[in-house]
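# Descriptive analysis of the structure
Residue strings, one per chain:
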Amino acid sequence: MPDYILSTSNRMAKRHAREKRFKWYGRIAIFISIAFLVFMFSAIIFRGASAFQQTKIALDINFSEAIIDPTSSRDPELLKRANYKPIVLQSLSNVIPGITERRDRNRVYKLLSAGAVFDLGEQVAEEPNILGKSKKVWLLASSEVDLFMKGKIDPNISEDLRRLKDRDIKWIEILKSQGRIKKKFNTTLFSSGDSREPEMAGILGAAIGSFFSLLVCFLIAFPLGILTAVYLEEYAKKNFLTNFIEVNINNLAAVPSIVFGLLGLSIFLNFFNLPRSTPLVGGIVLALMTLPTIIIASRSILRSIPQSIRDAALGLGASKTQTTFHHVVPLAMPGMLTGTILGMARALGETAPLLMIGMVAFIVDIPKGITDVATSLPVQIFLWADSPEKGFVERTSAAIIVLLAFLILMNLCAVYLRKRLERRW
Amino acid sequence: MINKTEITQEALSNLPPIMTANNVDVFYGKKQAISNVSLDIPENQITALIGPSGCGKSTFLRCFNRMNDTINICRVSGEIKFSGQDIYDSKVDVVALRSRIGMVFQKANPFPKSIFENVAYGPRIHGLAETKDDLESIVIQSLKRAGLYDEVSDRLSEPGTSLSGGQQQRLCIARAIAVDPQVILMDEPCSALDPIATAIIEDLMETMKEKYTIVIVTHSMQQAARVSQQTAFFHLGELVESGDTQAIFTNPIQERTQNYISGRIG
């Protein structure tokens, strides 16, 4: 017996080295993927985190009845549209000394968002009793002031290169010294629709548009997909026609999503005359796109249900339909739901087909139903990323964070459902 | 062949056949799996189908409750009668047929539901129980008949898949009994079980035959000799010989049977 039989020979050393090498290849691959992921997430969070805060300016507003509601009508519509500019200007000049000239007055007024007066109007319309009284109110600052407060405007660069002038900065410093300017949690981002002014823009409209689209998508794609899969897998005879259908379903899954958008444009909008830019059409298009995914996932799950379960039920005298719906489908349901939710998550992130059917418009109102014009989260991200205002940069990232949060939530839902249904005996 | 069949009929003549197969052929696509098999199944007796692997005995068994219908390429010709009625007649409802002729499979296949639900499923879909109490008594009685009740009486709500292999197979027998069939087909029910579990099921079959007719496919000649009254030997898709179990094992007529039971083919 040679003495190297249990010790390391040259050959063995090579084999071990190969094994080690392969392990390291795997580890490096994982490390690179994680590094990319971390890089992407940290970049988005780094840029977007500041959007969750917003600068506000506190002013002591004197709700003078003579200016706001001279006729004492207390009509909410009139209260909303009343002229609040003089009141706000008065409060501003009370706080900041030396505002006398008209040019200065207009300039100092620009520290506030154009939406600040609307907020005041809403507030008064809601509680008219405030008229005639004086109250400290936090008003939305303009996007430039907001960016400065977040340290995104360098006051040391040449005045010509920034929209916020030295004079504005001096006023901000005065407000700061009085504790009248502060960063607060950005409720606007979650409570309003799109706007041309970054500080007034929110994602609620887009989120609700996405929700309605996905609702339509689910209501169409889930039953259609499940029934198709069950029929093809459990009932249909294997012949030329079913093979043809199967090949085509697989092909559909690989069709670029923009093609589905074109289909929606030419068929649903131009032929059926469904309302343009609405979650109804968006949902139908997304459903068409999601269908193949759901069918393929469901069929593979159905195929993995052991034949012995079907035999057991058939042997007891259960009909084909009883066998399918009492035993096979319940067992396959967790997998089918997982496939559906993953398909829906893909639909949530889909942009291209929605562009084709006009869900890319600038829409301020929050949609109230599936036939209202709307946009969706990814399209909103696309729109904001395209906007020239600097304030939209952080909002784009914030919207991406929200979209990712929704995607993670949906995936968690899939995991939870699967766990729950699996335990139900 | 013919005189052998006469012997069979003589030995079992006191019992009228509950099922009869006449000139049955089974094809899988173009391949013929069973050719020209004729066999009578006597009532309240155990008939064993034996033969080497691939001889078609399982295929033949599955003709009796038309389980072959589920296989697309499978085609059955000839005549199989149950209580004088051709079960392949177009008027026959397969669902009703299978409620009269139950089946126990090679691998225990309880539903992934509770023990109670496993047994209750059959009576429920056939509407055998009017009330909840009826259903419960059917389940308990079926479990008792399958000799499983004492072992599981305190955990009827646990999943059927949590039982041991032998218990699972008896659960499947209880499930088949619950529908109150006349014939129970068993496709190698003990092939995955240890000798003790096998012995329990063999004892069970002995008591079951008072109420049911049993047709069992088995690989084990000892099992066939132990439990059955009639034995049919299949080889290469043909029924070589059938008759009284004792006669087949002690004094086979055909040479092929002789070779098989002495272990020379198989």
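Scroll up to find the structure this text is about.
These notes cover the structure that comes with them. (Residues numbered from 1 in each chain as written. Chains lettered and ligands numbered in written order. Predicted model: local features only at pLDDT ≥ 70, side-chain atom pairs only at ≥ 80, totals over all residues.)

### Points about the sheet that holds strand 4 (residues 74-82) of chain B
All names here are of chain B. What counts is decided by this rule: The rule for pairing is simple: two strands pair if DSSP sees at least two bridges between them. Helix and strand labels come from DSSP, where a helix needs a run of H or I of at least four residues and a strand needs a run of E of at least two; each type is numbered from the N terminus.
Taken in spatial order, the 4 strands of this open sheet run 2-1-4-5, and their pairing is antiparallel. In this open sheet, the two strands that pair with only one neighbour each are strand 2 (31-42) and strand 5 (85-86). Relative to strand 2, strand 1 (residues 17-28) is paired through 8 bridges, and the arrangement is antiparallel. Directly across from Ala21, in strand 2, lies its bridge partner Leu39.

### Let's talk about the nonpolar core
Condition: In this description, a nonpolar core means buried residues of the types Ala, Val, Leu, Ile, Met, Phe, Trp, Tyr and Cys, linked to one another by C-beta atoms lying within 7 Å. Labels follow a simple rule on C-beta atoms placed from the backbone: if 20 or more others lie within 10 Å of a residue's own, it is buried; if 12 or fewer, it is exposed; otherwise it is partly exposed. Whether two residues are in contact is decided by their C-beta atoms, placed from the backbone, lying within 7 Å.
In terms of nonpolar packing, the biggest core is built from 78 residues, with Leu49, Ala174, Leu185, Ile214 and Val215 of chain B touching the most fellow members. Sorting elements by how many residues they give to this core places helix 7 (residues 165-178) of chain B first, with 7 residues. If near-sequence neighbours (up to four positions away) are discounted, Leu185 of chain B is found in contact with Leu61, Phe64, Asn65, Ile101, Gly102, Met103 and Val215 of chain B. Listed in part, the 59 residues of the second largest apolar core include Leu189, Leu214, Leu337 and Ile363 of chain A.

### Looking at the interface of chain A and chain B
To be explicit about the condition: In this count, Pro and Cys sit with the nonpolar residues alongside Ala, Val, Leu, Ile, Met, Phe, Trp and Tyr, while Asp, Glu, Lys and Arg are called charged and the others, Gly among them, polar.
Chain A puts 16 residues into the contact, and the matching count from chain B is 23 residues. Where the side of chain A that touches chain B is concerned, the elements lending two or more residues are helix 14 (307-315) and helix 15 (320-348) of chain A. At 6 residues, helix 14 of chain A tops the list of elements feeding residues into the side of chain A that touches chain B. Here the side of chain A that touches chain B is built from residues that sort into 7 nonpolar, 6 polar and 3 charged.

### Section: the sheet that holds strand 7 (residues 183-187) of chain B
Residues and elements named next belong to chain B. For the record, the criterion: Here an angle of 0 to 180 degrees is reported between the N-to-C directions of two axes, which are lines fitted to C-alpha atoms, with helices fitted over the stretch in contact.
Sheet architecture is open: 6 strands sit in the order 6-7-8-3-9-10, paired in mixed fashion. Of all the strands in the sheet, just strand 6 (101-104) and strand 10 (238-244) have a single pairing partner and so form its edges. The average undirected angle you get between the axes of adjacent strands in this sheet is 15°.

### Quick look at helix 4 (residues 85-95) of chain A
All names here are of chain A. Using the following cut-off: As used here, the arc belongs to the directions running from the helix axis to the C-beta atoms.
Of the residues making up helix 4, those classed as buried are Val88, Ser91 and Leu92. Buried residues of helix 4, seen end-on, are gathered within an arc of 100° and therefore sit on one face of the element. The exposed residues of helix 4 that point more than 90 degrees off its buried face are Pro86 and Asn94. Considering only its buried residues, helix 4 is in contact with strand 1 (53-62), helix 5 (102-109) and helix 6 (116-126).

### Section: unusual backbone geometry
If you check the backbone angles, Ser72 of chain A has positive phi at about 55° while not being a glycine. Mapping Ser72 of chain A onto the fold places it in the loop between helix 2 (65-68) and helix 3 (76-81).

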